[in-house]
Amino acid sequence: MMLPSSLLVLLLLGGAQGCGVMQVEPRMALLGSPVTASCRVQQAHCHGWHASSLGAGTAQSPGGGLEEGGIRLMWKLDNKTLPGTQDWSANGTVESNLTITHISWSRAKLWCYLVGMGTGTKTETPQLIATADIQAGHPPSKPHNLTCMMSLHEKSLTCRWDPGADSLLPTETILKSRKTCRVVTKAVQECRPRLPGENHCTLPHQHLQLYQNMELWVWVSNALGTAESEHLCLDPTEVAKLDAPILKSVQPFQTNCVAVAWDVAPSSAYIEQQCELRYQSATELAWTLVSDIISPNQKVQHCGLLFGMPYRLQMRCRRRTFSSYWSEWSPEQGFTTHEKAPAGKPDAWWQVTPSGSRQGAKVQLLWKALAQQEANGRILGYWVALSPQQRGRMPTTVCNTTEMGCNFSVPAGVRRVYLAAYNAAGTGPPTEVIFLERRGRPLRRLWATPRDPHSLWVQWEAPAAPTSGYVLEWRSVPPTEPGGHPGWQVERNHSATGALIRDGIEPFRRYNISVYPLYADAIGMLRHTVTYSQQKAPSSTPKLHLRSISKYQAELSWQPVPTELQNGFITNYTIFWASTSANMSSAIVDSDVQAFTIGPLKPSTTYNVYIMASTVAGSTNGTVLTLTTTALDTTEIQFLLLCLSLIFVLLIVFTVCLQKNGRMKKQFWPSVPDPANSSLGKWVPADLQQETLHTPSVRDLGPVPISTITVLRRAAQKQVLLWGKKEPVPGLAEGFPALPQPYTHQHGGTQPYVNTTAAGAEPVQYARVVGDGYRGQQQAPAPLYLRSDSTQPLLGDASPSPKPYENLWFPGAPADGLLFPEEPLLDFPLLRGLKIDGAEDLRGFPRV
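Residues numbered from 1 in each chain as written. Predicted model: local features only at pLDDT ≥ 70, side-chain atom pairs only at ≥ 80, totals over all residues. Heavy atoms only, no water.

## Brief notes about the pairing of strand β20 (residues 257–263)
With five of seven residues buried, β20 lies mostly within the body of the structure. As judged from the seven bridges shared by strand β19 (residues 246–253) and β20, these two strands associate in the antiparallel manner. Within β20, the residue paired with V250 across the bridge is V260. Between the antiparallel neighbours β19 and β20 lie three residues, among them Q254 with a positive phi of about 55 degrees. Pairing between β20 and strand β23 (residues 299–303): five bridges, direction antiparallel. Its bridge partner being in β23, V258 is matched across the sheet by H302. (Buried < 20%, exposed > 50% of the residue type's maximum accessible area, 1.4 Å probe, protein only. Helix = DSSP H or I, 4+ residues; strand = E, 2+ residues; numbered from the N terminus. Pairing = 2+ DSSP bridges.)

Encoded structure:
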């Protein structure tokens, strides 16, 4: 089957891809116009497609066709599904038509799918039938600005043009030419650009007609139309571009002139040329152009240059009779003009400091370098003298330097000095510097704004008195070079209300700017301001210090950010604090605040605190300070310490009182004697120390020498009280012995030791010895001697301990005599020598 050329027909072989045909009209359309497409599927072209594979809802008609509802066709434009019509015919053909009413894109792909076709079973997977590329755009634009240039070196003609607006469609471009302009001939030479999109083409020399006019134009074409540029008629030699000239010599002469000689290029030696040169000084960025140089001998002179200035020079030429193209610039050559004595006077500014004596003052004199047109060469130095230079004699100089300032001392009464610059050619006119007093009125108002990162615009409001000018002085804060000179400049216009300063201005640095008004006989007082040419976020932030902390608040302090790290004016500080269990809190304080108390806080809680410094251009966060609130407040801690101190003092006082007062000590800690450790049990009278006292053992009872016997007699009326009872106990009073009556017993008679303890008698565990002083000694209160074999605690009874010098009796003891322990009295040597009346009543006491 034959299809029209304007249709896209795609037959796909095998399965669903061999069943259909898709047609698109047009393939390349105008933007905004409609596009139609159709897709048709025929049963006869579908290999292996039979009735059993149609699935439910699709049946073959008796004539062999398809009934509606079996399969359908689906459209997609790129990834977007589009609706199309569905037509079923009796001959087994399904056709779908699609209309795109408005094309708003330049390129897209259209897809046709078959849905509902399977192999034995129904499936909804789309099967690709065909695809087509659709492009949209505009007819080609008319080329314009066609220009051509001939290269004498290559003998070729290169033409360039502006293609105009893009058509968005593939476009063919051809540069066409004819060797005549008057007669239209069919002999047309064509030149196609080498690469798509190029807008120039070069005609070789065999296609050129030299010294005669030839016609040239540009022709463009795409699927939507054609266009061509205006026709250009020219002689290739008229548009020739000459080769650059060759500089032979560049020589300065006189003081500010230069002589230049050159040669033309060999390829253009037969062409009459017009040239121009340009030069540039070492201190300038722009070139100075000298035009209309026509010289048959290729030589020219030029004056008006600066004295003693290095220059560089270049030259180019073109064909004189026609406005052809200029050649390229020749390689540059350098030269330096001759010097001359300086012509200008340097501007000066000073600071005078009295030396505190009558010998004079210290002067700091500053000056500006001369402009190059005034310096007339390289300045070798500057001198400062107390008097002007006279003919044939150098003045007395106080300073001779190559710097832009110097410090010196002047004698008392000197009010002026002279400053001059000199070079190799001589000395310039001196500047008279008069040290005027600073007593004039200052400016009414002064302010400064940044012009760019390296300049500041300073404005002021002039004083009421007329002025002759102004002096602007500025310093960086802190100074970039300790001890360096400040920047300054003089504004000579007395009516000026502003000036631009550029010297040494850097971004992110603070500058202190001062302006002095100049009067006829004085200098006004200064007025200053502070500014930045550009600001940014601070380079550093203050370091937080904890001044004090309590349960509910913490006091913080910090030092201001150093000026060189601020990078701008600090507008405020922001303090942030947060605990692990609470949200972030913040507070903003002014830039002049150096302490802040954060709160309310929680007791015994850890907080992270940091500070942020801000300028108008940004902010910077500081390091984190970690702090923990206290469990007690300061007042509570002071009260607690006071209580502890008071308790400690009371303990000390109580301890001292116990040590000094025996009664209190015995009241709280009574002394309970132990008979076993009694000194009386081991004491022997002085008369017995010289005698041999043999103490019999329990088993060997023999005669014991006795020197003295103390007799204990009963006191008949003595009433003895028991501990804890107010009434005397009967029987105990009768058994209390009388006061002892000492007597002397002769040695020689002994009586065996007899244990008279009655059978079944209960042993007594405590005893007391009461007697008179020994041999007329003053009787002292008898101490209480205790010895115990008891297994009971000594103070286990509810009865209190006996007081000193009081008989010890216990409830339940026999009341008919004193009670002594059952064991022998070997631990009491004196008791063995006692003769006691009524010993029959003392059970268990050994008889002497």
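## Some details on the side chain of S33
For S33, the location among the structural elements is in the loop between β2 (28–30) and β3 (35–42). Only 2.5 Å separates the side chain of S33 from the backbone oxygen of L30, close enough to count as a polar contact. Aside from chain neighbours lying at most four places away, what touches S33 is I100, T101, H102 and I103. (Polar contact = N/O pair within 3.5 Å; in protein donor to acceptor, adjacent residues only side chain to side chain. Contact = heavy atoms within 4.5 Å.)

## Focus: the sheet that holds strand β8 (residues 107–115)
Read from one edge of the open sheet, five strands run β2-β9-β8-β4-β5, paired in mixed fashion. What marks the edges here is a single partner per strand, and that holds for β2 and β5 (80–82). Within the sheet, the average angular offset between the axes of one strand and its neighbour, ignoring direction, is 30 degrees. (Axes fitted to C-alpha atoms, helices over the stretch in contact; angles between N-to-C directions.)

## Points about the pattern of salt bridges
Summed over all chains, the structure comprises 17 salt bridges. E332 is the partner of R312 in a salt bridge, and the nearest nitrogen-oxygen pair spans 3.4 Å. Here R312 is found in strand β24 (residues 310–319), whereas its partner E332 is found in the loop between β24 and β25 (333–336), with 20 residues between them in sequence. For E461, the salt bridge goes to R445, with nearest N and O atoms at 3.8 Å. Of this pair, E461 sits in strand β36 (residues 455–461) while R445 sits in strand β35 (residues 445–452), placing them 16 residues apart in sequence. Given a relative accessible area of 44%, R445 falls into the partly exposed group. (Salt bridge = Lys/Arg side-chain N within 4 Å of Asp/Glu carboxyl O.)

## Considerations on the state of the cysteines
A complete count under the given rule lists seven disulfides for this structure. Two residues share a disulfide in this structure: C39 and C112, whose sulfurs sit 2.1 Å from each other. Note on the C39 and C112 pair: the S-S dihedral is about -90 degrees, so by sign convention the disulfide is left-handed. Placement of C39 in strand β3 and of C112 in strand β8 is noted, with a sequence separation of 73 residues between them. Given a relative accessible area of 0%, C112 falls into the buried group. (Disulfide = S-S within 2.5 Å.)

## Side note on the sheet that holds β23
With antiparallel pairing, three strands are arranged side by side in an open sheet as β19-β20-β23. Looking at which strands have only one partner, the edges of the open sheet turn out to be β19 and β23. Averaged over all neighbouring strand pairs, the angle between strand axes comes to 20 degrees, with direction disregarded.

## With respect to unusual backbone geometry
Across the junction of E25 and P26, the peptide omega takes the value -5 degrees, indicating a cis bond. Here the amide bond leading from G599 into P600 is cis, since omega sits at 0 degrees, within 30 degrees of zero. With respect to the secondary-structure elements, P600 resides in the loop between β47 (595–598) and β48 (606–615). Phi at Y211 is positive, roughly 60 degrees, even though this residue is not glycine. Residue position: Y211 is located in the loop between β14 (200–203) and β15 (214–222).

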